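Here's the letter readout for the chains.
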Amino acid sequence: IKRKKKPLRVYMDGCFDMMHYGHCNALRQARAVGDQLVVGVVSDAEIIANKGPPVTPMHERMIMVKAVKWVDEVISDAPYAITEDFMKKLFDEYKMDYIIHGDDPCVLPDGTDAYAVAKKAGRFKQIKRTEGISSTDIVGRMLLCVRERSVSDSHNHSSLQRQFSHGHSQKLEDGGSGSRSGTRVSHFLPTSRRIVQFSNGKGPGPNAHIVYIDGAFDLFHAGHVEILRVARELGDFLLVGTHNDQTISAKRGTHRPIMNLHERSLSVLACRYVDEVIIGAPWEVSKDMVSTILWFNLLRLIFF
Ligand code: CTP
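As the structure is a computational prediction, the values presented were derived from the model and not from experiment. (Residues numbered from 1 in each chain as written. Predicted model: local features only at pLDDT ≥ 70, side-chain atom pairs only at ≥ 80, totals over all residues. Heavy atoms only, no water.)

1. Points about the site of the ligand
Around the ligand, a shell composed of 17 residues is seen, among which His20, Lys51, Arg129, Ile133 and Ser135 lie nearest. Note that an oxygen atom of the ligand is positioned 2.9 Å from one of the backbone N or O atoms of Cys15. Across the complex, the protein chains shield 92% of the 550 Å² of accessible surface that the ligand would expose by itself. Placement of the ligand is best described as lying within the largest pocket. Among the secondary structure elements, those contributing two or more residues to the shell around the ligand are strand 1 (9–14), helix 1 (21–33) and strand 4 (98–102). Of all the elements, helix 1 adds the most residues to the shell around the ligand, at three residues. Taken together, the residues of the shell around the ligand break down into five nonpolar, nine polar and three charged. (Near = heavy atom within 4 Å. Polar contact = N/O pair within 3.5 Å; in protein donor to acceptor, adjacent residues only side chain to side chain. Areas by Shrake-Rupley, 256 points an atom, 1.4 Å probe, with all protein chains shown as cover. 1 Å grid on protein atoms, 1.4 Å probe; cavity = no way out; pocket = protein on both sides within 12 Å on 5 of 7 lines; lining within 4 Å. Sits in = over half its atoms within 2 Å of the grid points. Helix = DSSP H or I, 4+ residues; strand = E, 2+ residues; numbered from the N terminus. Nonpolar A, V, L, I, M, F, W, Y, C, P; charged D, E, K, R; others polar.)

Next up, the structure:
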């Protein structure tokens, strides 16, 4: 008799504040270590005690983590550090095999390693941290955006705004005072491999009802997740169009978007309700576009 092998269960914890594609990429790599990925979302109180207040509260962070297609289960109000007691609970109650974290040091306020207990027990595995993105970086971009907006109130369409919106790593001049902001914009280098890693690789079935939704999906948040969930329920295959940076700047102001086209597209692609993304979709759903998509089959359009 062939016994079914027990699935390898892995645990990754984190704050997942202002969820971005770096977090998604960490979850993707963690899931690849085992068969089932359980994610512990650190409580607001624990984040406050260890790093300072999060921008997004617990319930939003839960929505974001649950929406990532590589996540199998979620534990709310997880502790920031792996204690002996919590590790025992993970092994006994949740049947975990390994605890996973990015290869960045995770030190507690007292200087000790948050994963020391798991490492000692031989139950720790590392994944590669994604370069060029962090919550701090996003907050920096948002601050730069606010400054840009106030500058633009006095000088219409500053060229710096355009540089910011289009992802050049220029620094912002401080309104002529000579000092400079240290905030830099996206350092993310999108590769075709990363896009493939995030993709589903499956087209719609022969009689699939395809739903199309488009938008900026800038700073991908719980509201985006909800509309994608609803859109997906309208059919069998959800095709999402992400508008390019120039289009968003033209429609919403030169200080937007905060995340560039590839960053926004990766966040959308990581969402479990999304089947495929048109990266840089036109603002208007043109006849050409509809006929291109129509070969899929029956198309239903909704607008975001
Ligand atoms: N992570 C990653 N790449 C990033 C950011 C985070 O691989 N660019 C990983 C972390 O190593 C961790 C998980 O995502 O395993 C959750 O990270 P989180 O607890 O939210 O903390 P930070 O590392 O502080 O992430 P950020 O600075 O973006 O808030």
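2. With respect to the sheet that holds strand 5 (residues 124–127)
Read across the open sheet, the five strands follow the order 3-2-1-4-5; overall the sheet is parallel. Sheet topology places strand 3 (73–78) and strand 5 at the edges, where each strand pairs with a single neighbour. With strand direction ignored, the average angle separating the axes of adjacent strands in the sheet is 30°. Contacts from helix 4 (residues 84–92) reach strand 1, strand 3 and strand 4 within the one sheet, and its direction differs from that of strand 4 by about 120°. (Pairing = 2+ DSSP bridges. Axes fitted to C-alpha atoms, helices over the stretch in contact; angles between N-to-C directions. Contact = heavy atoms within 4.5 Å.)

3. A few points about the packing of aromatic side chains
Counted by the stated rule, this structure contains four aromatic pairs. Arranged with centres 5.5 Å apart and planes meeting at 45°, the rings of Tyr115 and Phe124 form a pair that is tilted. As far as the burial class goes, Tyr115 and Phe124 line up, both buried. In this arrangement the basic side chain of Lys119 is found over the ring face of Phe124, its NZ or CZ atom lying 4.9 Å from the centre. The aromatic ring of Phe91 is capped on one face by Arg123, whose charged end is 4.0 Å from the ring centroid. (Phe/Tyr/Trp six-rings, centres within 6.5 Å; stacked < 30°, edge-to-face > 60°. Buried < 20%, exposed > 50% of the residue type's maximum accessible area, 1.4 Å probe, protein only. Lys NZ or Arg CZ within 6 Å of the ring centre and 35° of its normal.)

4. Section: the environment of Thr112
As for its placement among the helices and strands, Thr112 is situated in the loop between strand 4 and helix 5 (116–120). Note: C-alpha distance between Thr112 and Ala81 (31 residues apart in sequence) is 9.8 Å. Contacts of Thr112, omitting those with residues within four sequence positions, involve Cys106 and Val107. There is a polar contact of 2.6 Å between the side chain of Thr112 and the side chain of Asp110.

5. A look at unusual backbone geometry
Residue Arg256 is joined to Pro257 through a cis peptide bond whose omega torsion reads -5°. Along the chain, Pro257 turns up in the loop between helix 10 (245–252) and helix 11 (261–269). The phi dihedral of Met18 is positive, around 45°, even though this residue is not glycine. Within the secondary structure, Met18 sits in the loop between strand 1 and helix 1. Assessed through its relative accessible area of 12%, Met18 is described here as buried. With a phi close to 50°, Phe217 is a non-glycine residue in the positive phi region. Here Phe217 lies in the loop between strand 6 (209–215) and helix 9 (222–233).

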